[in-house]
Amino acid sequence: MDRTFVMVKPDGVQRGLAGEIISRFEAKGLKLVGAKLELLPEERVVEQYREHLEKPFFPGLKAYIMSGPCFLMVWEGKGAVAVVRRMVGATNPAEAAPGSIRGDFALDIGRNVIHASDSPESAVRELGIHFEAEDLVGYSRIDEPVLYE
Ligand code: IDP
Ligand code: MG
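In this text, all values refer to a predicted model and were calculated from it rather than measured experimentally.

1. What to know about the pattern of salt bridges
Line of reasoning, step 1. If you walk through the whole model with that rule in mind, you get 11 salt bridges.
Line of reasoning, step 2. With its nearest N and O atoms 3.5 Å apart, the salt bridge here joins Lys 31 to Glu 76. A residue pair is termed long-range when its members are at least 10 positions apart, and Lys 31 in strand E2 (residues 31-38) and Glu 76 in strand E3 (residues 70-77) qualify at 45 residues. In this pair, the class of Lys 31 matches that of Glu 76, namely buried.

2. Thoughts on the sheet that holds E3
Line of reasoning, step 1. Strand order in the open sheet formed by 4 strands is E2-E3-E1-E4, with antiparallel pairing between adjacent strands. Sheet topology places E2 and strand E4 (114-116) at the edges, where each strand pairs with a single neighbour. When the angles between neighbouring strand axes are averaged without regard to direction, this sheet yields 15°.
Line of reasoning, step 2. By the bridge criterion, 7 bridges tie strand E1 (residues 2-8) to E3 in an arrangement that is antiparallel. Of the residues in E3, the one forming a bridge with Thr 4 is Trp 75.
Line of reasoning, step 3. On the sheet, helix H2 (residues 18-28) packs against E1, E3 and E4 and is oriented at approximately 5° with respect to E3.
Line of reasoning, step 4. Docked against the sheet, helix H5 (residues 80-88) engages E1, E3 and E4, running at close to 30° with respect to E1.

3. Some thoughts on the layout of surface pockets
Line of reasoning, step 1. Empty space within the largest pocket amounts to approximately 450 Å³.
Line of reasoning, step 2. Along its surface, the largest pocket is lined by 21 residues, and Lys 9, Tyr 49, His 52, Phe 57 and Thr 91 are the ones closest to its centre.
Line of reasoning, step 3. Put simply, the parts of the chain that give the lining of the largest pocket at least two residues each are helix H4 (58-65), E4 and helix H7 (120-130).
Line of reasoning, step 4. If one sorts the elements of the lining of the largest pocket by residue count, H4 sits on top with 3 residues.
Line of reasoning, step 5. For the lining of the largest pocket, the per-class residue count stands at 6 nonpolar, 8 polar and 7 charged.

About the thresholds
Residues numbered from 1 in each chain as written. Chains lettered and ligands numbered in written order. Predicted model: local features only at pLDDT ≥ 70, side-chain atom pairs only at ≥ 80, totals over all residues. Heavy atoms only, no water. Salt bridge = Lys/Arg side-chain N within 4 Å of Asp/Glu carboxyl O. Helix = DSSP H or I, 4+ residues; strand = E, 2+ residues; numbered from the N terminus. Buried < 20%, exposed > 50% of the residue type's maximum accessible area, 1.4 Å probe, protein only. Pairing = 2+ DSSP bridges. Axes fitted to C-alpha atoms, helices over the stretch in contact; angles between N-to-C directions. Contact = heavy atoms within 4.5 Å. 1 Å grid on protein atoms, 1.4 Å probe; cavity = no way out; pocket = protein on both sides within 12 Å on 5 of 7 lines; lining within 4 Å. Points joined across faces, edges and corners; volume = space filled by probe spheres on them. Nonpolar A, V, L, I, M, F, W, Y, C, P; charged D, E, K, R; others polar.

Below, the structure is given as structure tokens:
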């Protein structure tokens, strides 16, 4: 099974959207295998967004991500990385499809509520930044026999 790293950003936590976001992934059939609320230290923000270090928006991005608690999660399921990215929607919420999380709950590219890994390789890397192996819990969901063929 595939695992992906997802994070409700500080605007999403402050706006009380964490529960709604969890509900969407649960209803989809994905399995929550790790979660924690955290104020991220600078070095983990830099590591997480290292591909953007030289971008003009990076200082603002770092300040935004460190402005309050984030809710970090690991979700597991068939094709989880791509499935979650589609449910999250385009980076710019103004262009994100209605029905996606960013499409339904945000307006500004600099306040887009949620992060999700963009590839299986990123998922492994990002999971490793934020979670220890023993923080993740393997178990069966009782509906798995009817969720999967
Ligand atoms: P993604 O989150 O959809 O993968 P990326 O291009 O990887 O999008 O950008 C990472 C994050 O950086 C975005 O989610 C957003 O918070 C922020 N960001 C990206 N582009 C801009 C911008 O032009 N202005 C402000 N923030 C941006
Ligand atoms: Mg990205």
